[in-house]
Amino acid sequence: MPEAEARRPDPSISLILRPKWLTARARALANERGRGARFFLLSLIGMLFWVFIYTLLYKLLVYFRGVPDLGPFLAGKLLGMILIGFFSILLLSNVITALSSFFLARDLDLLVAAPVDWLKLYGAKLLETGVNSSWMVVLLAVPMFAAFGSAYHGGWLFPLLVIGVFVPFLVVPAVIGSALTLILVNVFPARRTRDILSVIAVLAAGGVVLLFRVVRPERLARPEGFRSLVEFVTVLRTPTSPFLPSEWVQRAVLSWLQERPSLLPVYLLWTTAAAAFVLGALLHWKLYPIGFSKAQESGERWARGGGFGRLGHKLFSPLGILRRELVLKELRLFFRDTTQWSQLILLTVLVIVYVFNIKYLPLKGEGVTFFLVNVIPFLNLVLAGFVLASIAARFIFPSVSLEGRTLWLLRSSPMPVRQLLWAKFWVGTTPLLILALGIVFVTDWLLQVSDFMFAVSVMTIAMMTIALCGMALGFGTLFPQFETENAAQIPTSFGGLMFMIASVGLIAGVVVLEARPVYGYLSARLYGTQTSPAEMLFGFGAAAVLCVVATIVPIQIAKRRLEAVER
Amino acid sequence: MISLRQLSKKYGSFTAVDAIDLEVPKGELFGFLGPNGAGKTTSLRMIAGILRPTSGEITVAGVDLLKDPIGAKQRLGFIPDRPFIYEKLTGSEFLRFVAGLYEQEGPEVEHRARELLALFDLEDWRDELVESYSHGMRQKLIISSAFVHRPEVIVVDEPMVGLDPKAAKILKDLFREYTRRGNTIMMSTHTLEVAEAMCDRVAIIAHGTIRACGTMAELRRSAEAGTEGLEQIFLRLTGENAARELVEVLNA
């Protein structure tokens with residue numbers, strides 16, 4: 001076969017990635033209804049976010065520039081902290097994305113069966129992993145570097161320097177993340193690895209957040225907390241991680257901005273990225289065929305929770321057969337999907353951080369009035385509302401989308417759609433309500449609020465939670481992502497954004513409506529004036545009506561929408 | 001048992017099903033044949049209450065599907081062509097869930113579920129998660145789920161896809177026995193031998209319209225096909241080009 005030998009196929013990386021590019025282009029050009037408005041809204045929000053980050057950092061850096069001696073250290077410390085944050089996020093994100101792109105993607109059967117050179121496959125999949133994991137960090141980095149460049153007059157070459165150091169900074173975690181995944185898949189089957197990884201990732205993310213909060217970085221802004229100025233400066237000057245690429249990017253950028261350009265960090269970045277790529281490719285060559293073969297093994301065989309099934313059967317029997325089976329199904333699917341329940345760990349961390357913040361609020365001592373102590377728990381409702389909205393976005397918003405592939409069964413059965421929606425609503429709302437009441441009880445107890453404020457905060461948070469859950473379900477049905485298999489991606493969709501905007505509106509509405517009667521009560525306590533019952537009735541009544549409407553209307557709309565879905 | 005009147009379905013300007021009329025009496029195994037994209041799946045999904053017709057009427061077991069969807073669906077079981085089910089439920093949990101959708105439970109349902117799983121050799125897999133099932137096993141589980149609540153009518157889209165010969169034989173026997181007991185099955189299939197061997201009557205659909213409907217003998221007459229098999233009748237009635245020069249294709 002000399003002729004066939006002479007024409008050995010050798011598809012290029014660009015050919016391997018072409019379907020991805022064509023898919024993205026087709027999606028971008030799709031003639032969908034309301035696409036223009038959606039694009040405009042997303043661009044506007046994106047631009048506002050950029051402007052916000054840029055302005056905040058720019059003002060901070062200009063302030064740092066004005067601080068004699070300490071200014072450059074503070075700017076360096078800030079950049080270092082941001083970059084190490086980026087590096088951790090990139091590493092985690094690459095580990096998780098690599099599992100999909102190297103082992104679980106649908107195009108792999110085709111690519112692995114085709115005569116594709118292993119190095120090209122590695123290059124293509126590494127690029128795919130890197131791009132999918134890094135785009136968000138890149139978007140965040142743009143206003144950040146722009147603020148540094150303009151505050152320190154980096155000049156027109158500064159963007160080129162940033163690109164020159166940021167590209168290898170992105171490559172290193174992509175290679176390390178992919179290699180870690182490759183090793184894990186060789187130890188565990190891919191589908192188990194996905195479970196393990198999701199738990200590890202969430203634990204790591206939770207750990208980082210918790211650690212960051214517990215060290216209380218706000219103390220850095222208060223040098224009087226340190227024993228001496230020397231100690232404070234030493235803390236600022238010490239490189240946090242001299243062997244990490246984040247430190248090299250920081251040194252390269254700062255040396256440029258301080259007009260003492262140093263090439264060593266740039267050299268370190270590029271050589272490390274190149275070495276990492278070579279080592280990663282070697283590892284891929286050695287381990288990928290074995291790992292890919294293992295990844296084809298089927299998922300978990302045995303179901304957990306037989307005892308739970310029997311208990312649930314008894315517990316939910318009063319609901320009737322249909323509702324009981326719907327509720328049990330929701331619970332089973334949730335607790336057997338590691339990617340879903342593992343987020344509870346992150347949620348716990350979020351709640352701990354939240355309570356921690358309240359605990360360390362400086363609300364004791366001179367100048368702290370009764371008014372302040374009682375206004376804080378009221379404003380606390382806003383923050384608790386945001387926390388609850390983000391949890392509802394994570395757990396309740398995707399629930400209808402996740403029915404996409406099995407909708408045929410529900411639609412062809414005699415079950416009314418409203419039963420499905422209410423089952424989803426209560427399964428999501430009950431734990432959230434317990435959590436919300438728990439947060440408010442603990443924080444009110446820590447703040448030692450008056451009985452009136454305690455009652456107001458408990459009632460408000462209960463109503464607000466129910467309304468947020470109704471809205472999450474409604475928006476999740478109005479903007480479904482039936483084709484997405486990964487539940488974690490659903491809240492980041494356009495519909496998720498719309499839900500969060502609507503949630504902000506609801507929380508603001510409730511707080512504004514209740515502000516007047518709360519103010520009236522506090523004034524009465526402070527100045528001995530009379531409270532107006534009409535004002536109380538109107539304020540709290542209107543807030544209650546708003547919450548009831550925000551619960552029922554979205555579910556009614558969702559019901560109609562789901563009845564009209566044709567799949 | 002199933003009655004379609006002027007049933008149409010349009011997707012924008014494309015007409016997938018164009019004013020079809022059909023009567024399938026009680027106790028009949030009715031076959032729906034047609035080339036890819038002819039409108040078979042769309043028709044079956046409308047009968048199952050998943051797609052809303054653009055116009056026309058559907059009656060299932062005497063109940064108007066559009067006016068009383070719950071009442072009609074209560075009497076119906078649907079088996080889709082693609083076996084998408086909850087990956088994180090076990091086989092027996094899935095069957096119990098489906099029975100629950102029809103408000104059925106108790107020892108009778110449990111017994112029926114066990115019998116159906118045993119029939120399709122899934123007994124040993126009943127407590128294992130669906131995500132570990134093969135394509136064929138999922139298909140068998142979905143077939144079992146359509147029978148678990150004892151419907152009067154079953155609508156099946158491509159029942160033989162993914163089944164091994166033994167399961168295919170079991171399914172044929174099950175369908176035969178089921179219709180013998182006075183129930184009705186409407187199925188679409190690409191396998192003409194299956195339609196020829198199993199169905200009491202068949203309808204041939206192409207471009208959204210029914211080209212012919214009747215028993216094999218009636219179809220032969222309408223296609224003036226003499227003693228030709230269903231394949232020849234099918235090609236003739238659907239106007240498909242079977243005579244493409246294969247040698248030319250392979251040499252191209």
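A quick note: this is a predicted structure, and the numbers were derived from the prediction, not measured.

(A) Spatial organisation of the overall build of chain B. Scanning chain B from terminus to terminus reveals 10 helices and 10 strands. With respect to the three principal axes, the spread of C-alpha positions in chain B is 55 × 50 × 35 Å. Buried positions account for 49% of the 252 residues belonging to chain B. Partitioning the intrachain contacts of chain B with sequence separation of at least 6 by distance along the chain shows that 68% fall at a separation of at least 24.

(B) Focus on the packing of helix H18 (residues 417-447) of chain A against helix H19 (residues 451-478) of chain A. Residue and element names in this part refer to chain A. One can describe the packing of H18 onto H19 by two numbers: an axis separation of 9 Å at closest approach and a directional angle of 150°. Relative to H19, the element H18 is oriented roughly antiparallel. As H18 packs across H19, the resulting crossing turns out to be right-handed. Residue-level contacts link Leu421, Lys424, Phe425, Gly428, Thr429, Leu432, Leu433, Ala436, Leu437, Val440 and Asp444 of H18 to Phe454, Ser457, Val458, Ile461, Ala462, Thr465, Ile466, Cys469, Gly470 and Leu473 of H19. Taken together, the residues of the contact of H18 with H19 break down into 14 nonpolar, five polar and two charged.

(C) How the structure looks around the domain arrangement of chain A. Residues and elements named next belong to chain A. What the domain assignment lists for chain A is domain 1 (59-295) and domain 2 (317-361 + 370-564). The C-alpha centroid of domain 2 is placed 35 Å from the C-alpha centroid of domain 1. Each side of the interface is counted separately: domain 1 has 10 residues, and domain 2 has 10 residues. Looking at the side of domain 1 that touches domain 2, its residues break down into six nonpolar, two polar and two charged.

(D) Representation of the interface of chain A and chain B. Contact with chain A, which involves 25 residues of that partner, is made by 29 residues of chain B. Those elements giving two or more residues to the side of chain A that touches chain B turn out to be helix H13 (321-336) and helix H17 (407-412) of chain A. For the side of chain A that touches chain B, the element with the highest residue contribution is H13(A), accounting for seven residues. Of the residues contributing to the side of chain A that touches chain B, the split by class is nine nonpolar, five polar and 11 charged.

(E) Focus on the packing of H18(A) against helix H21 (residues 533-564) of chain A. Residues and elements named next belong to chain A. Packing of H18 against H21 brings their axes to within 9 Å, and their N-to-C directions diverge by 130°. Here H18 is positioned oblique relative to H21, judged by the angle of their axes. Where H18 crosses over H21, the handedness of that crossing is right-handed. Contact with H18, carried on its side by Val417, Arg418, Leu421 and Phe425, involves Ile555, Ala558, Lys559, Leu562 and Glu563 of H21 and no other residues of that element. Class assignment of the residues belonging to the contact of H18 with H21 gives a composition of six nonpolar, no polar and three charged.

(F) Spatial organisation of the nonpolar core. By size, the foremost hydrophobic cluster in this structure holds 136 residues, and its most contacted members are A:Ala392, A:Leu468, A:Ala472 and B:Val155. When residues in this core are grouped by element, the largest group, 10 residues, is from H19(A). Once residues lying within four places of it in the same chain are set aside, the contact partners of A:Ala472 are A:Ala392, A:Ala393, A:Ile396, A:Phe397 and A:Phe499.

Thresholds, definitions, all that
- Residues numbered from 1 in each chain as written.
- Chains lettered and ligands numbered in written order.
- Predicted model: local features only at pLDDT ≥ 70, side-chain atom pairs only at ≥ 80, totals over all residues.
- Helix = DSSP H or I, 4+ residues; strand = E, 2+ residues; numbered from the N terminus.
- Buried ≥ 20, exposed ≤ 12 C-beta atoms within 10 Å, placed from the backbone.
- Contact = placed C-beta atoms within 7 Å.
- Axes fitted to C-alpha atoms, helices over the stretch in contact; angles between N-to-C directions.
- Parallel < 35°, antiparallel > 145°, perpendicular 65-115°, else oblique.
- Left-handed = near helix turned anticlockwise from the far one by under 90°.
- Nonpolar A, V, L, I, M, F, W, Y, C, P; charged D, E, K, R; others polar.
- Domains from an automatic or database assignment.
- Core = buried A, V, L, I, M, F, W, Y, C linked by C-beta atoms within 7 Å.

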